[in-house]
Amino acid sequence: MSDTDSHFSALRMGQGEMGGSSDGGSDDNIDWNTEDEIEIEKYPVSCCSREAAGPSNTKLFDHFVGMGFSEKLVSRAINENGQENTDLILESLLTYAAIEDSPQEQQIGIVLSVCDNASSDYEENLLDDSSDFDSDSDSEGIYNPSSEEKKMTFLTEMGYTMNEASIAMERCGADASEAELADFICAHQMSKAEDALLPEEKPLPWLSVDDFRKSKKRKFLRYDSCKRNTIRDKKPMCEDDEPIRLPNPMVGFGLPTDSCSQLTHRNLPEPAIGPPYFYYENVALAPKGVWDTISRFLYDVEPEFVDSKYFCACARKRGYVHNLPIHNRCPLRPIPPLTISEALPMTKRWWPNWDTRTKLNCIQTCVGSAKLTERIRKALEDYDGEPPLYIQNYVLNECRKWNLVWVGRNKLAPLEPDEVEMLLGFPRNHTRGGGISRTDRYKSLGNSFQVDTVAYHLSVLKDLYPGGISLLSLFSGIGGAEVALYRLGIPLKNVVSVEISEVNRTIVRCWWDQTNQKGNLIDFADIQQFTAEKLEQLISAVGGFDLVVGGSPCNNLAGSNRYHRDGLEGKESSLFYHYFRVLDLVKSIMSKDQ
DNA sequence: CTTACGATGAAAGGATTA
DNA sequence: TAATCCTTTCATCGTAAG
């Protein structure tokens with residue numbers, strides 16, 4: 001591939017050239033351009049000026065700086081949006097950010113274009129600090145007009161119409177902040193268009209190049225009139241952009257079992273096409289708008305939603321965004337038991353016929369207590385045969401809530417850790433020993449991949465990389481991706497693993513050692529400290545990554561979270577942006593390197 | 001310090017019914 | 001179509017006991 005900058009973003013490296021110790025790719029020749037000729041689109045940077053004022057909220061400030069945005073932009077975004085709405089701040093950063101060329105600080109600028117100007121030269125816009133990039137004298141700039149114009153521009157750039165913007169400014173007064181104005185419009189739209197959200201049909205899981213371009217324009221350049229019947233999430237999503245809906249049944253691009261309904265081909269948006277391949281995972285049932293944002297960041301790739309109940313005996317509804325081929329997938333062998341009674345034969349004997357479950361619900365991080373099962377036992381032992389309906393309902397509700405299984409007469413129990421390991425496709429005792437407590441095992445397992453499901457998606461790599469792959473594994477956890485690849489028989493040449501939990505790192509390290517891996521495992525703790533320099537060093541040492549996998553924290557997305565289901569901007573779940581940051585760095589470095 | 005336990009609902013989607 | 005019901009959900013926090 002020619003020297004291509006990442007479409008979605010561009011970044012400047014501190015070091016000019018990277019060590020050229022390798023060819024930057026794998027020894028296998030992967031043809032990344034099988035579909036179409038890749039056209040390199042060059043998006044110009046919108047004009048920006050620098051804000052002098054410093055942030056007043058250092059925590060918020062650090063948060064965004066930690067994501068990789070430059071301090072200058074963060075402080076400006078906070079100044080303009082206030083500190084309340086982190087969504088707006090982030091969108092501002094992403095929409096208006098500019099390249100900062102600061103070698104010492106290794107700052108990363110993320111560029112999102114607001115213009116579709118195919119003829120303009122990207123390089124022209126990569127201006128140095130000394131240029132009018134920082135200048136306030138740029139009369140065409142959108143940041144130095146009067147505050148009213150500024151707000152108007154801001155709102156229209158956010159995807160609102162001029163009409164909406166002016167109404168909002170009228171209603172909210174001259175000194176309303178952009179955030180307030182945006183909220184006003186949002187609320188207004190919500191109230192007037194509550195009903196019309198239901199798209200006739202789920203959008204196709206692929207987009208043609210033209211569709212993609214149009215959607216880009218729609219998303220970032222909307223000055224045209226507002227369409228009726230739209231609703232916006234908190235995100236400044238384009239109004240006619242249909243929100244992503246979950247498929248029913250949740251079978252992704254098709255299951256191994258029914259080959260007739262499988263999709264074997266899709267067109268990826270150009271910027272999504274690798275290298276590297278990437279694979280991102282998170283909970284399917286996230287708050288509204290979250291998957292739209294995730295998809296938008298990950299190069300507009302349509303997520304694939306799959307429930308692992310089609311791959312094993314327990315449910316696990318997850319969304320996956322990846323740029324892998326989807327033809328010639330094959331399931332991991334042996335096929336695991338698909339029902340509770342097959343997976344846990346001992347339970348069959350005690351399973352009452354009024355408990356009609358054949359699949360377990362999602363395995364979570366907490367398990368039912370001994371006290372609970374004792375209460376249930378006492379409630380049941382008063383009855384000889386079938387308990388009355390209300391008892392049945394009580395018991396069944398608890399069973400479903402806590403994933404209890406029958407282990408004796410009137411005796412229910414939560415799954416044992418080794419049973420969870422088996423259900424999720426890990427080797428027995430994968431998480432056992434080495435000073436790891438039972439609670440930690442449940443926690444780590446509950447946060448993990450379902451190996452068979454992931455392996456099915458990754459199976460296409462086997463033919464592509466017969467010599468093995470180099471893997472960048474972010475949020476590795478207990479190594480679900482590594483285990484999946486290993487069980488697929490794909491040699492692991494180099495694995496760079498980033499995982500915050502020491503317990504999990506220990507688990508992966510032990511597994512690595514005891515499976516006699518031939519490759520190298522290098523691990524890091526904190527993705528926030530995983531800098532561009534480190535990555536560059538690794539890439540030049542390892543020769544590029546073939547695959548970047550990661551499932552970022554779901555804490556603030558998961559339905560079980562009563563306290564901080566804050567969406568993508570939540571404390572832990574916002575680490576998603578680091579997945580994007582690192583992936584985009586890899587993309588950029590590798591494209592430069594070629 | 002660790003571990004176990006109970007209390008803490010909402011949001012979203014699907015299914016059913018009116 | 002709209003209202004209603006039903007089900008599911010990679011969790012967190014404070015407390016008590018060891």
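Not measured: the values here are computed from a predicted model. (Residues numbered from 1 in each chain as written. Chains lettered and ligands numbered in written order. Predicted model: local features only at pLDDT ≥ 70, side-chain atom pairs only at ≥ 80, totals over all residues. Heavy atoms only, no water.)

1. Thoughts on the nonpolar core
Grouped together as the largest cluster of nonpolar side chains are 64 residues, with contacts concentrated most on Val395, Leu458, Leu461, Leu485 and Leu547. Two domains each provide a minimum of three residues to this core, namely domain 1 (259-267 + 274-334 + 454-593) and domain 2 (340-424). For Leu461, the residues in contact, after removing those within four places along its chain, are Tyr277, Leu324, Leu485, Ile490 and Leu547. Core analysis: the second largest hydrophobic core is formed by 47 residues, Trp291, Val301, Leu474 and Ile539 among them. (Core = buried A, V, L, I, M, F, W, Y, C linked by side-chain atoms within 4.5 Å. Buried < 20%, exposed > 50% of the residue type's maximum accessible area, 1.4 Å probe, protein only. Domains from an automatic or database assignment. Contact = heavy atoms within 4.5 Å.)

2. Describing the protein's contact with DNA strand C
Not every one of the 26 residues close to DNA strand C is listed here, only the nearest: Arg318, Thr365, Cys554, Asn555 and Tyr563. Take the atoms of DNA strand C that sit within 4 Å of the protein: sugar and phosphate atoms are 67% of them. Here Arg318 contributes a side-chain N or O atom positioned 2.2 Å from a base oxygen of DNA strand C. If you list the elements that add at least two residues to the surface near DNA strand C, you get strand S1 (277-283), strand S3 (317-322) and helix H14 (438-446). (Near = heavy atom within 4 Å. Polar contact = N/O pair within 3.5 Å; in protein donor to acceptor, adjacent residues only side chain to side chain. Helix = DSSP H or I, 4+ residues; strand = E, 2+ residues; numbered from the N terminus.)

3. Section: the sheet that holds S1
Taken in spatial order, the 7 strands line up as S2-S3-S1-S9-S6-S7-S8 in an open sheet, and their pairing is mixed. Sheet topology places strand S2 (304-307) and strand S8 (520-524) at the edges, where each strand pairs with a single neighbour. In this sheet, neighbouring strand axes are inclined to one another by 20° on average, regardless of whether the strands run parallel or antiparallel. In terms of strand pairing, S1 meets S3 through 5 bridges, oriented antiparallel. Counted as the bridge partner of Asn282 is Gly319 from S3. (Pairing = 2+ DSSP bridges. Axes fitted to C-alpha atoms, helices over the stretch in contact; angles between N-to-C directions.)

4. Remarks on the environment of Asp584
Structurally, Asp584 can be placed in helix H20 (residues 576-593). For Asp584, a relative accessible area of 3% puts it in the buried group. Sequence spacing of Asp584 and Leu298 is 286 residues, and the spatial spacing of their C-alpha atoms is 8.9 Å. A distance of 2.3 Å separates a polar atom in the side chain of Asp584 from a polar atom in the side chain of Tyr299.

5. Some words on the protein's contact with DNA strand B
Ser369, Lys371, Ser437, Thr439 and Gly559 are the nearest of the 16 residues found near DNA strand B. Near-protein atoms of DNA strand B (within 4 Å) split between backbone and bases, with sugar and phosphate holding 57%. Asn248 has a polar side-chain atom sitting 3.5 Å from a phosphate oxygen of DNA strand B. Here a phosphate oxygen of DNA strand B and a side-chain polar atom of Ser369 are 2.5 Å apart. The leading source of residues in the surface near DNA strand B is helix H11 (residues 370-380), at 3 residues. Residues that form the surface near DNA strand B fall into these classes: 4 nonpolar, 6 polar and 6 charged. (Nonpolar A, V, L, I, M, F, W, Y, C, P; charged D, E, K, R; others polar.)

6. Observations regarding the packing of H11 against helix H12 (residues 389-402)
At a minimum axis distance of 10 Å, the contact between H11 and H12 shows a crossing angle of 160°. Relative to H12, the element H11 lies roughly antiparallel. As for how H11 packs across H12, the hand of that crossing is left-handed. Taking contact as the criterion, the partners of Leu372, Arg375, Ile376, Ala379 and Leu380 in H11 are, on H12, Ile391, Tyr394, Val395, Glu398 and Trp402. Tallied by class, the residues present in the contact of H11 with H12 amount to 8 nonpolar, no polar and 2 charged. (Parallel < 35°, antiparallel > 145°, perpendicular 65-115°, else oblique. Left-handed = near helix turned anticlockwise from the far one by under 90°.)

7. Some points on helix H18 (residues 502-514)
With 13 residues, H18 extends 18 Å between its outermost C-alpha atoms, agreeing within 8% with the 18 Å of an ideal straight helix rising 1.5 Å per residue. Where H18 is buried, its residues contact H14, helix H17 (480-488), strand S7 (492-498) and S8. With a side-chain oxygen positioned 3.3 Å from the backbone nitrogen of Val503, the residue opening H18 is Ser501. Downstream of H18 by one or two residues, Asn516 has phi in the positive range, about 50°. (Expected span 1.5 Å × (residues − 1).)

8. Structural notes on the pairing of S7
Taking burial as the measure, the 7 residues of S7 include 6 buried ones, the bulk of the element. In this fold, strand S6 (residues 469-474) hands off to H17, which returns the chain to S7; that crossover is right-handed. As defined by bridge partners, S7 adjoins S8 across 5 bridges and the pair is classed as parallel. Paired with Val496 across the strands is Ile522, a residue of S8. (Right-handed = clockwise from strand over helix to strand, strands pointing away.)

9. Regarding H17
Since one α-helical turn is 3.6 residues long, residues separated by three or four positions face the same way. Counting buried residues along H17, 7 of its 9 residues qualify, which places the element largely inside the surrounding structure. When we look at burial in H17, the residues that qualify are Gly480, Ala481, Glu482, Val483, Ala484, Leu485 and Leu488. Packing partners of the buried residues in H17 comprise helix H15 (451-458), helix H16 (461-464), S6, S7, H18 and strand S9 (547-551). Looking one or two places after H17, you find Gly489, whose phi comes out positive at around 80°.

10. Concerning the packing of aromatic side chains
Within this structure, the stated rule accounts for 17 aromatic pairs. Aromatic side chains Tyr486 and Trp511 sit 5.4 Å apart centroid to centroid with 90° between the ring planes, which places their arrangement in the edge-to-face category. Separated by 25 residues along the polypeptide, Tyr486 in helix H17 and Trp511 in helix H18 bring together distant segments of the chain. Classification of Trp511 by relative accessible area gives buried; the value is 4%. Ring-pair connections join several aromatic residues into one group, and the members of that group are Phe278, Tyr280, Trp291, Phe297, Tyr299, Phe305, Phe576, Tyr577, Tyr579 and Phe580. Lying across the ring of Tyr299, Lys587 places its NZ or CZ 4.8 Å from the centre. (Phe/Tyr/Trp six-rings, centres within 6.5 Å; stacked < 30°, edge-to-face > 60°. Lys NZ or Arg CZ within 6 Å of the ring centre and 35° of its normal.)

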